[in-house]
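Per-entry structural report
So the chains spell out like this:
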Amino acid sequence: MTETMSENMIEADNLVKIYKSEDTEVVALSGFELSVKRGELVGIVGSSGSGKSTFLNMIGGLDRPSAGRLYVDGKDLFRMNAAELVEYKKNTVGFVWQNNARNLLPYLSAVENIMVPMHFSGKYKNKRQRALELLELVGLADKKDNVLAQLSGGEQQRVAIAIALANEPVLLLADEPTGSVDSRTADRILDIFKKLNTELGVTVVIVSHDTDLTKKLPRVVLIRDGRVSSEKTLMEGYADLNDADFDWLGADTQIEKAVIDRVGRIQLPAHMLEKLGVEDRRVSIRYEDGRIIIEK
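Since we're looking at a predicted model, the values are computed, not measured. (Residues numbered from 1 in each chain as written. Predicted model: local features only at pLDDT ≥ 70, side-chain atom pairs only at ≥ 80, totals over all residues. Heavy atoms only, no water.)

Here's the deal with the overall build of the protein
So the rule is basically this: Only DSSP runs of H or I covering at least 4 residues are called helices, and only runs of E covering at least 2 are called strands; the numbering of each starts at the N terminus. Here the radius of gyration uses the C-alpha set of atoms, whereas the globule reference equals 2.2 Å times the residue count to the power 0.38. A 1.4 Å probe rolled over the protein chains alone gives each residue an accessible area, and that area as a share of the maximum for its type sets the label: buried under 20%, exposed over 50%, partly exposed in between.
Along its length, the protein carries seven helices and 13 strands. Relative to the 2.2 N^0.38 estimate, which gives 19 Å for 296 residues, the radius of gyration of the protein is 21 Å and therefore close to what a compact globule would have. Across its three principal axes, the protein shows a C-alpha extent of roughly 65 × 50 × 40 Å. Buried residues in the protein amount to 46% of all 296 residues.

In structure tokens form, the structure reads like this:
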């Protein structure tokens, strides 16, 4: 397996993913390009069918590209054999699913659930102590002996985060981690991801369809039709603001920038095209005084 180390945790170059059946062919990713630096916290947002979950499954080692290049932590996922993929999923990435049934075993306590992945890695002699430390990290030390039915949806998701961290992954992936909880609980879960990113230095990628959820993230990538269409970054003055009483949902915290791919393609946000009144997908474009001007 070829490895190439860089400052980037994730390097995706011209990724294509095509799902085929007898009668249909669906293109989930079409020339997808993205780099995520080590220690970065990134949100990936898109509507259903945009390709965001396909990409998450690829960097999680659960799916393979049809074409392109994909490196995670210096490892070429396109060239991994089955045994290498098992080691990768066991030690490099941690996964938090939206469906808690995929995260937790209902007949085990919180602390026992966290110990499960440790049995497969052989990293820790005192697995219970490690599990208790992780419960403390996510604020659930007092729930260590509770089983699934004794935990709220938000508490179950926090245990799931602790499970994902059990084997000290360098990359934490979360697929719609707040999809089944209320907005207050969602905000708290998001704060936990920010805490893990800051205190542990783990790279975090959160996939969601909810643009409100990502208003507190330093970088958000928006996907449309299998490609990155634009990015949002926190405006100066909001990056270190942690006031619990601040109305994040009502504030305009981010600035959005369109992304030009390597062949010069750009996707304009739909709301801008609507304001421009474009109906036939044709616009005039010209360069003037250091600006590119697009007109109806």
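Regarding the sheet that holds strand E9 (residues 219–224)
Strand pairing in a sheet relies on backbone hydrogen bonds, with the paired strands running either antiparallel or parallel. Put simply, the rule is: Two strands are counted as paired when DSSP detects at least two bridges linking them. Angular values range over 0 to 180 degrees, each being the angle between N-to-C directions of two axes fitted as lines to C-alpha atoms, with helices fitted over their stretch in contact. We call two residues in contact when some of their heavy atoms are within 4.5 Å.
In spatial order, the strands read E6-E7-E8-E3-E9-E10-E11; together these seven strands make up an open sheet with mixed pairing. The sheet terminates laterally at strand E6 (93–96) and strand E11 (254–258), the two strands that pair on one side only. Going from strand to strand, the sheet's axes swing by 20 degrees on average, the running direction of each strand aside. Contacts between helix H6 (residues 183–200) and the sheet are confined to strand E3 (41–45), strand E7 (171–175) and strand E8 (203–208), with E8 contributing the most and set at about 155 degrees to the helix.

Some remarks on a nonpolar patch on the surface
To keep things clear, this is the line we draw: Like-charged residues are merged into a patch within 9 Å and nonpolar side chains (Val, Leu, Ile, Met, Phe, Trp, Tyr) within 5 Å, provided each residue has over 30% relative accessible area and no salt bridge. Using the Shrake-Rupley algorithm and a 1.4 Å probe, accessible areas are obtained, with residue cover drawn only from the displayed protein chains. A carboxyl oxygen of Asp or Glu within 4 Å of a side-chain nitrogen of Lys or Arg is what we treat as a salt bridge.
On the surface, Ile285, Tyr287 and Ile292 cluster together into a nonpolar patch covering about 410 Å² of accessible area. Positionally, Ile292 belongs in strand E13 (residues 291–295). The class for Ile292 is exposed, based on a relative accessible area of 61%.

Observations regarding helix H5 (residues 153–164)
Quick reminder of the rule: Every helix has an expected span of 1.5 Å times one less than the residues it contains.
Spanning 12 residues, H5 covers 17 Å between terminal C-alpha atoms, matching the ideal 16 Å at 1.5 Å per step. H5 sits mainly inside the fold: 11 of its 12 residues count as buried. The set of residues buried in H5 consists of Gly154, Glu155, Gln156, Gln157, Arg158, Val159, Ala160, Ile161, Ala162, Ile163 and Ala164. Looking at the buried positions of H5, the neighbouring elements they touch are E6, helix H3 (110–121), helix H4 (127–137), E7 and H6.

A few points about the pattern of salt bridges
When the charged atoms of two side chains with opposite charge come close together, those side chains can pair. One pass over the full model with this rule turns up 15 salt bridges. A salt bridge links Asp73 to Arg38, with the nearest nitrogen and oxygen atoms 2.8 Å apart. Residue Asp73 is found in the loop between strand E4 (67–72) and strand E5 (75–76), and its partner Arg38 is found in the loop between strand E2 (25–37) and E3; the two are separated by 35 residues along the sequence. Classification of Arg38 as partly exposed rests on a relative accessible area of 32%. Where Lys143 meets Glu155, a salt bridge forms, and the shortest distance between an N and an O atom there is 3.7 Å.

Description of the packing of aromatic side chains
Any two aromatic rings considered together are summarised by their centre-to-centre distance and by the angle between their planes. Put simply, the rule reads: Planes of paired rings set the category: under 30 degrees apart is stacked, over 60 is edge-to-face and the rest tilted, where pairs are Phe, Tyr or Trp rings (Trp by its six-membered ring) whose centres lie within 6.5 Å.
Applying the stated criterion across every chain yields a total of two aromatic pairs. Summarising the aromatic geometry, the rings of Phe32 and Phe55 are spaced 4.6 Å apart at their centres and angled 40 degrees between planes, so their arrangement reads as tilted. Placement of the pair is Phe32 in strand E2 and Phe55 in helix H1 (residues 52–59), with a sequence separation of 23 residues. Ring centres of Phe95 and Trp97 lie 4.2 Å apart, and the angle between their planes is 5 degrees; this geometry places the pair in the stacked category. One exposure class covers both Phe95 and Trp97, and it is buried.

Details of the sheet that holds strand E1 (residues 8–20)
The four strands lie next to each other as E2-E1-E4-E5, forming an open sheet whose pairing is antiparallel. What marks the edges here is a single partner per strand, and that holds for E2 and E5. Sheet topology places E1 next to E2; 10 bridges connect them, and they run antiparallel. In the strand pairing of E2, Ile18 is matched with Val27. Contacting E1, E2 and E4, H1 crosses the sheet at an angle of about 120 degrees to E1.

Some points on H6
Relative to the 26 Å expected for 18 residues at 1.5 Å per residue, H6 spans 25 Å between its end C-alpha atoms, a close match to the ideal helical length. Buried within H6 are the following residues: Ala186, Ile189, Leu190, Ile192, Phe193, Lys194, Leu196 and Asn197. Buried residues along H6 sit in contact with E3, H4, H5, E7 and E8. Positive phi appears at Gly201, one or two residues downstream of H6, with a value of about 75 degrees.

Points about the environment of Val159
Here Val159 is to be found in helix H5. Note on Val159: relative accessible area 1%, which makes it buried. Val159 sits 64 residues away from Ile223 along the chain, and the two C-alpha atoms are 29 Å apart. Apart from the residues lying within four places of it in its own chain, the contact partners of Val159 are Leu104, Ala110, Ile114, Leu135, Leu140 and Leu151.

Brief notes about the confidence of the model for the protein
Caution applies to low-pLDDT parts of the model: their predicted coordinates are not meant to be read in detail. Note the cut-off: Within a predicted model, pLDDT stands for the predictor's per-residue confidence, ranging from 0 to 100.
Of all residues in the protein, 92% have pLDDT values of 70 or greater, and the mean over the chain is 85. Element-level pLDDT for the protein is lowest in E11, with a mean of 78, against a maximum mean of 94 in E7.

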